[in-house]
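# Structural description and commentary
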Amino acid sequence: QKEVEQDPGPLSVPEGAIVSLNCTYSNSAFQYFMWYRQYSRKGPELLMYTYSSGNKEDGRFTAQVDKSSKYISLFIRDSQPSDSATYLCAMSNFGNEKLTFGTGTRLTIIP
Amino acid sequence: GAVVSQHPSWVICKSGTSVKIECRSLDFQATTMFWYRQFPKQSLMLMATSNEGSKATYEQGVEKDKFLINHASLTLSTLTVTSAHPEDSSFYICSASEPGTPGAGQYFGPGTRLTVT
């Protein structure tokens with residue numbers, strides 16, 4: 001079993017829809033949780049980071065962490081074609097230590 | 001936000017030659033940088049952790065004599081692929097974490113696409 005599981009997709013949704021991306025993990029020591037967006041042939045871009053359980057909102061993006069269920073989510077509201085990318089979840093035991101990544105979900109927003 | 005650059009963005013080399021990739025933190029000092037490798041449609045695989053002024057820590061299965069890492073300053077880390085072979089062709093990405101911001105995540109460079117012919 002992988003430490004971090006993420007549905008690779010692909011996921012296609014119409015423009016304006018709410019997108020839900022999820023990861024599950026098995027290592028209860030993970031404390032820091034991040035979401036990255038990666039466009040084709042580019043490096044990952046940090047979107048959101050959270051510590052422990054809870055919600056965090058930034059514009060159209062909301063990150064949720066449920067440590068009791070070992071489940072994290074990223075919601076994208078009012079999705080735009082420019083949101084089409086691969087989304088990677090990542091987590092670590094301590095801040096700025098090496099990250100464990102999910103496999104990434106390829107998302108396409110259809111105009 | 002913190003900016004990390006990489007150079008070159010892409011490189012083609014002949015089998016048997018060595019290639020050096022630079023990773024720079026442009027607006028902060030990074031005591032720790034990370035080197036990843038990514039194959040098409042796959043996630044990032046951590047190769048090594050680079051600490052300024054000390055030897056890099058390599059992940060299991062990564063040949064340290066083949067992938068030489070030097071972190072000579074707080075803003076520069078280099079990865080040298082020695083005696084490159086076609087199977088070393090991949091997308092190499094570095095990242096750095098900003099000191100004083102625990103848990104704020106790592107900032108990634110734009111990546112370097114290496115093709116070995």
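Right above here is the structure, for reference.
Not measured: the values here are computed from a predicted model.

## Describing the nonpolar core
If you look at the biggest cluster of nonpolar residues, it comprises 41 residues, and the most contacted ones within it are A:Tyr36, A:Phe101, B:Tyr36 and B:Leu114. Ranked by the residues each element gives to this core, the list is headed by strand E9 (residues 90-97) of chain B, at five residues. The residues contacting B:Leu114, other than those within four sequence positions of it, are B:Val11, B:Cys13, B:Val19, B:Val81, B:Asp88, B:Ser89, B:Ser90 and B:Tyr92. Of all hydrophobic cores here, the second largest spans 23 residues; its members include A:Val13, A:Tyr25, A:Phe33 and A:Leu47.

## Structural notes on the sheet that holds strand E1 (residues 4-6) of chain A
Residues and elements named next belong to chain A. In spatial order, the strands read E1-E3-E8-E7-E6; together these five strands make up an open sheet with antiparallel pairing. Both outer strands of the open sheet, E1 and strand E6 (54-58), are each paired with one neighbouring strand and no more. Along the sheet, successive strands turn relative to each other by an average axial angle of 15°, direction set aside. Pairing of E6 with strand E7 (residues 61-66) involves five bridges; the strand directions are antiparallel. The residue of E7 that forms the bridge with Asn55 is Gln64.

## Things to note about the interface of chain B and chain A
The parts lose accessible area when they come together, and the size of an interface is often stated as this lost area. Between chain B and chain A, the residue contacts involve 23 residues of the former and 20 residues of the latter. Carbon and sulfur atoms supply 56% of the area that chain B and chain A bury against each other, a total of about 1,700 Å² over both sides. On inspection of chain B and its partner chain A, the count reaches one salt bridge. Between B:Glu59 and A:Lys98 there is a salt bridge, and its shortest N-O distance comes to 3.1 Å. One can count five residue pairs in polar contact (both at pLDDT 80 or more) joining chain B with chain A.

## Notes on the state of the cysteines
Applying the stated criterion to the full structure yields two disulfides over all chains. Each sulfur in the disulfide pair A:Cys23 and A:Cys89 lies 2.0 Å from the other. Its torsion about the S-S bond being -100°, the disulfide of A:Cys23 and A:Cys89 is classed as left-handed. Here A:Cys23, found in strand E3 (residues 19-25), pairs with A:Cys89, found in strand E9 (residues 85-92); they are 66 residues apart in sequence, far enough to count as distant. Each member of the pair, A:Cys23 together with A:Cys89, is buried. At a sulfur-sulfur separation of 2.0 Å, the disulfide partner of B:Cys23 is B:Cys94. Taking the sign of the S-S torsion, about 80° here, the bridge from B:Cys23 to B:Cys94 comes out right-handed. Of this pair, B:Cys23 sits in strand E3 (residues 19-25) while B:Cys94 is found in strand E9, placing the two residues 71 residues apart along the sequence.

Scoring rules and cut-offs
Residues numbered from 1 in each chain as written. Chains lettered and ligands numbered in written order. Predicted model: local features only at pLDDT ≥ 70, side-chain atom pairs only at ≥ 80, totals over all residues. Heavy atoms only, no water. Core = buried A, V, L, I, M, F, W, Y, C linked by side-chain atoms within 4.5 Å. Buried < 20%, exposed > 50% of the residue type's maximum accessible area, 1.4 Å probe, protein only. Helix = DSSP H or I, 4+ residues; strand = E, 2+ residues; numbered from the N terminus. Contact = heavy atoms within 4.5 Å. Pairing = 2+ DSSP bridges. Axes fitted to C-alpha atoms, helices over the stretch in contact; angles between N-to-C directions. Buried area = accessible area lost by both parts, 1.4 Å probe. Salt bridge = Lys/Arg side-chain N within 4 Å of Asp/Glu carboxyl O. Polar contact = N/O pair within 3.5 Å; in protein donor to acceptor, adjacent residues only side chain to side chain. Disulfide = S-S within 2.5 Å.

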